[in-house]
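# Structural description and commentary
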Amino acid sequence: MEEKLQIRIFPDGRIEAETLGIKGEKCTDYILILENILNAQAVQAEYTKEFYETEQVNLEETQQNTLK
């Protein structure tokens, strides 16, 4: 799934943000970025189920041959 940040701005100035497709604690980095951009502070936070999931990382091993 693609990583996204969904932001809702309400007429009263309240802002809600939700991370989508971002697994683990990495999602909190995006909230910190928003706080800095908006010069605001999060008042309430809830973790999605993705917060508790681990991100799958694919490693590829390569072999290097050297001629002597």
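Just above, that's the structure.
This text gives an overview of the structure that appears in the document. (Residues numbered from 1 in each chain as written. Predicted model: local features only at pLDDT ≥ 70, side-chain atom pairs only at ≥ 80, totals over all residues. Heavy atoms only, no water.)

## A short note on the overall build of the protein
Across its full length, the protein holds one helix and two strands. For the protein, the α and β elements follow one another from N to C terminus as β-β-α. In terms of overall dimensions, the protein is more spread out than a globule: its C-alpha atoms have a radius of gyration of 19 Å, far above the 11 Å expected for 68 residues. For the protein, the residues scored as buried account for 13% of the 68 residues in total. When contacts within the protein are restricted to residue pairs at least 6 apart in sequence, long-range pairs at least 24 apart make up 36% of them. (Helix = DSSP H or I, 4+ residues; strand = E, 2+ residues; numbered from the N terminus. Rg over C-alpha atoms; globule rule 2.2 N^0.38 Å. Buried < 20%, exposed > 50% of the residue type's maximum accessible area, 1.4 Å probe, protein only. Contact = heavy atoms within 4.5 Å.)

## Quick word on the side chain of Thr19
Here Thr19 is to be found in strand S2 (residues 15–20). Relative accessible area serves as the criterion here: at 8%, Thr19 is assigned to the buried category. With near-sequence residues (within four places) excluded, Thr19 lies in contact with Lys4, Leu5, Cys27, Tyr30, Thr48 and Glu50.

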